[in-house]
Amino acid sequence: MKPHARLRLIVIYVSAAVLMIGTVGPFLWLVSSSFQYERQLLSRPPQWLPNPIVLDSYREIFEGAFLGEDSGVPYQSRIFLRSFANSFFVAGSVAAIAVLAGAYAAYPLARLDFRGRSTLLFGILASRLIPGLSLAIPIVLVARQIGMSDRIVTLVFINLSFILPYVIWLLQSYFKTIPMELEDAGRIDGCSRLQVVNRIILPLALPGLTSAAILAFMLSWGEFLFALLLAETPASYTSTVIVSLFATDVDVNYVSIITAGVISVIPPIAFALIFQRFIISGLLSGSLKG
């Protein structure tokens, strides 16, 4: 191997190692910290590896859901699993509805040449230029006025309104990569436009649909602002709200916050690892179409 090629290879590997440490390192530190006592976590110099391994915070969360108020387990730990299920319901519902609605909205934008198409595409994207914070007060007031506050379904619709434009843009870009000849063949065989979409386009667009679903799931999973403003009882709390409740006016339970955070990131990471082949294929295919 030539010296300049060897040097380039070394630079690539060193850069990849630094990037991996910067990306994965903080999460590994959080995982390690979740197995420590509070005094170990706050010790100086810091203790990077747990010694001994402590499972108290995990036990509080997983056993606390089945214990009563007189158990001594903090209130936040006892309702965390319920809030975790709420987050999963919201994120899963948003992902499913966004992909279903986004696919049928993206197809005409990708295939049909109609007047105002570019303006409509720009309008969909421009709707996401409005900060969610500027809409928070009107949305909360309207939700309370019509009796939709403190409901999980309200969070689903709010998250969907913010995430659907992303999904439409991603899918319309991906649909353009599917050869038009396949649609023409389907139309010649007697398929209607809707049948072409259902039988040809959507099956071929599975990588793009999966990428859009994972994107929608991750974006809605970590939503905090509207979940905090609209949630009033444990029945509608999401995991992001409960994590914030571990910090009270009189105490901050750092280990519990870290533990809840570690548990909360498991679903998006699991989805990304399971469907990474589809995600990479979907994103790259959509980006290659000019």
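All values reported here derive from a predicted model rather than from experimental measurement. (Residues numbered from 1 in each chain as written. Predicted model: local features only at pLDDT ≥ 70, side-chain atom pairs only at ≥ 80, totals over all residues. Heavy atoms only, no water.)

Caption draft 1: Spatial organisation of the packing of helix 4 (residues 75-111) against helix 7 (residues 152-175). As a packed pair, helix 4 and helix 7 sit with axes 6 Å apart at the nearest point and diverge in direction by 35 degrees. Where helix 4 crosses over helix 7, the handedness of that crossing is right-handed. Its residues assigned to classes, the contact of helix 4 with helix 7 shows 23 nonpolar, 5 polar and 1 charged. (Axes fitted to C-alpha atoms, helices over the stretch in contact; angles between N-to-C directions. Helix = DSSP H or I, 4+ residues; strand = E, 2+ residues; numbered from the N terminus. Left-handed = near helix turned anticlockwise from the far one by under 90°. Nonpolar A, V, L, I, M, F, W, Y, C, P; charged D, E, K, R; others polar.)

Caption draft 2: Quick look at the packing of aromatic side chains. Applying the stated criterion across every chain, the model contains 10 aromatic pairs. Aromatic pair Y107 and F175: ring centres 6.5 Å apart, planes at 65 degrees, arrangement edge-to-face. Separated by 68 residues along the polypeptide, Y107 in helix 4 and F175 in helix 7 bring together distant segments of the chain. The pair Y107 / F175 is uniform in exposure class, with both members buried. An angle of 35 degrees between the planes, with centres 5.6 Å apart, marks the rings of F162 and F226 as tilted. In this pair, F162 sits in helix 7 while F226 sits in helix 11 (residues 225-230), placing the two residues 64 residues apart along the sequence. (Phe/Tyr/Trp six-rings, centres within 6.5 Å; stacked < 30°, edge-to-face > 60°. Buried < 20%, exposed > 50% of the residue type's maximum accessible area, 1.4 Å probe, protein only.)

Caption draft 3: How the structure looks around the environment of Y254. With respect to the secondary-structure elements, Y254 resides in helix 13 (residues 254-264). Setting aside residues up to four positions removed in sequence, Y254 forms contacts with E38, L41 and L42. (Contact = heavy atoms within 4.5 Å.)

Caption draft 4: Just the nonpolar core, in detail. The biggest cluster of nonpolar side chains holds 62 residues, and the ones touching the most others in it are F80, V167, L171, F175 and L209. For this core, the element with the most residues is helix 4, which contributes 14 residues. Those residues in contact with L209 that sit more than four places away from it in its chain are V99, A103, L171 and L202. (Core = buried A, V, L, I, M, F, W, Y, C linked by side-chain atoms within 4.5 Å.)

Caption draft 5: Structural view of the side chain of R111. The residue R111 is located in helix 4 in this model. Classification of R111 as buried rests on a relative accessible area of 16%. Among the polar contacts made by the side chain of R111, one reaches the main-chain carbonyl oxygen of I178 at a distance of 2.3 Å. A polar contact is formed between the side chain of R111 and the side chain of E183, at a distance of 2.3 Å. Aside from chain neighbours lying at most four places away, what touches R111 is F175, K176, I178, P179, M180, E183 and I201. (Polar contact = N/O pair within 3.5 Å; in protein donor to acceptor, adjacent residues only side chain to side chain.)

Caption draft 6: Quick peek at the side chain of R117. Note on placement: R117 falls in helix 5 (residues 117-126). Buried within the structure, R117 lacks any salt-bridge partner; D113 is the closest side chain of opposite charge, at an N-O distance of 5.8 Å. Look past the residues within four positions of R117 in its chain and what remains in contact with it is L109, A110, L112, Q172 and K176. (Lys, Arg positive; Asp, Glu negative; His and termini not counted. Salt bridge = Lys/Arg side-chain N within 4 Å of Asp/Glu carboxyl O.)

Caption draft 7: Focus on a nonpolar patch on the surface. A cluster of nonpolar side chains, contributed by M20, I21, V24 and L28, occupies part of the molecular surface with about 390 Å² of accessible area. Within the secondary structure layout, L28 lies in helix 1 (residues 3-33). (Patch = residues over 30% accessible without salt bridge, like charges linked within 9 Å, V, L, I, M, F, W, Y side chains within 5 Å. Areas by Shrake-Rupley, 256 points an atom, 1.4 Å probe, with all protein chains shown as cover.)

Caption draft 8: Quick peek at the packing of helix 7 against helix 10 (residues 206-221). Where helix 7 meets helix 10, the axes come as close as 10 Å, and the angle between the chain directions of the two elements is 155 degrees. When the axes of helix 7 and helix 10 are compared, the pair comes out roughly antiparallel. Here helix 7 and helix 10 pass one another in a crossing that is right-handed. Listed contacts from helix 10 to N159, I163, Y166, V167, L170, L171 and Y174 of helix 7 are P207, G208, L209, S211, A212, L215, A216, L219 and S220. Class assignment of the residues belonging to the contact of helix 7 with helix 10 gives a composition of 12 nonpolar, 4 polar and no charged. (Parallel < 35°, antiparallel > 145°, perpendicular 65-115°, else oblique.)

Caption draft 9: Representation of the pattern of salt bridges. For the structure shown, the criterion picks out 4 salt bridges. Among the salt bridges present, the one from E183 reaches R193, with a minimum N-O distance of 3.8 Å. Of this pair, E183 sits in helix 8 (residues 180-188) while R193 is found in helix 9 (residues 193-204), placing the two residues 10 residues apart along the sequence. Assessed through its relative accessible area of 34%, R193 is described here as partly exposed. Shared partners join several salt bridges into a network, and the residues in it are R111, E183 and R193.

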